[in-house]
Amino acid sequence: MPVAKDFWEEFPLFVDRHNIDEYPEIPVKAQLGDRFDSWLAKHKAPFDGLEDFLDAAFNGNHDPHVRIHK
């Protein structure tokens, strides 16, 4: 089963300010550098976390135009 660190490049799809603390293994701040604060304030991930992202990837259970938060 994939884990969050496997998706270190795709993190914007499932990480935002609401759940960033759930993914300490992804070096978001290091990757974004001086853009981190702006990203944190403005970015809205289209998926509600890794499980939602994986469900959509493997099962097609997500409309990419609709943001679903549980």
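Going by the structure above, here's the rest.
This report concerns the structure included in the present document.

Rules of the game
Residues numbered from 1 in each chain as written. Predicted model: local features only at pLDDT ≥ 70, side-chain atom pairs only at ≥ 80, totals over all residues. Heavy atoms only, no water. Helix = DSSP H or I, 4+ residues; strand = E, 2+ residues; numbered from the N terminus. Buried < 20%, exposed > 50% of the residue type's maximum accessible area, 1.4 Å probe, protein only. Contact = heavy atoms within 4.5 Å. Areas by Shrake-Rupley, 256 points an atom, 1.4 Å probe, with all protein chains shown as cover. Core = buried A, V, L, I, M, F, W, Y, C linked by side-chain atoms within 4.5 Å. Polar contact = N/O pair within 3.5 Å; in protein donor to acceptor, adjacent residues only side chain to side chain. Phe/Tyr/Trp six-rings, centres within 6.5 Å; stacked < 30°, edge-to-face > 60°.

**Focus: the overall build of the protein**
For step 1, the next point in the chain: Looking only at helices and strands, the protein features three helices and zero strands.
For step 2, the next point in the chain: Each helix and strand of the protein, placed in order from N terminus to C terminus, yields the pattern α-α-α.
For step 3, the next point in the chain: Counting the 70 residues in the protein, one finds 34% classified as buried.
For step 4, the next point in the chain: Long-range pairs, those at least 24 residues apart, make up 46% of the contacts in the protein between residues at least 6 apart in sequence.
For step 5, the next point in the chain: As displayed, the protein offers around 4800 Å² of accessible surface, 54% of which is attributable to carbon and sulfur atoms.

**Description of the nonpolar core**
For step 1, the next point in the chain: Formed by 17 residues in total, the largest nonpolar core has its most connected members in Phe 14, Val 15, Ile 26, Val 28, Trp 39 and Leu 50.
For step 2, the next point in the chain: Sorting elements by how many residues they give to this core places helix α3 (residues 50–59) first, with four residues.
For step 3, the next point in the chain: Once residues within four sequence positions are removed from consideration, Ile 26 is found in contact with Ala 4, Lys 5, Trp 8, Phe 11, Phe 14, Val 15 and Gln 31.

**Observations concerning the side chain of Asn 19**
For step 1, the next point in the chain: With respect to the element layout, Asn 19 can be found in the segment before α1 (28–32).
For step 2, the next point in the chain: On the accessibility criterion, Asn 19 (7% relative accessible area) is buried.
For step 3, the next point in the chain: Within the structure, Asn 19 has its side chain in polar contact with the backbone nitrogen of Asp 16 (distance 2.9 Å).
For step 4, the next point in the chain: If sequence neighbours within four positions are ignored, Asn 19 has contacts with Phe 14 and Gly 49.

**Some points on the packing of aromatic side chains**
What characterises a pair of aromatic rings is the spacing of the ring centres plus the angle enclosed by the ring planes.
For step 1, the next point in the chain: Following the criterion strictly, the structure yields seven aromatic pairs and no others.
For step 2, the next point in the chain: Where Phe 47 meets Phe 53, the ring centres are 5.6 Å apart and the plane angle is 70°; that geometry is what we call edge-to-face.
For step 3, the next point in the chain: A relative accessible area of 12% places Phe 47 in the buried class.
For step 4, the next point in the chain: Since its relative accessible area comes to 10%, Phe 53 is described here as buried.
For step 5, the next point in the chain: One aromatic cluster is present, built from ring pairs that chain together Phe 7, Phe 14, Tyr 23, Phe 47 and Phe 53.

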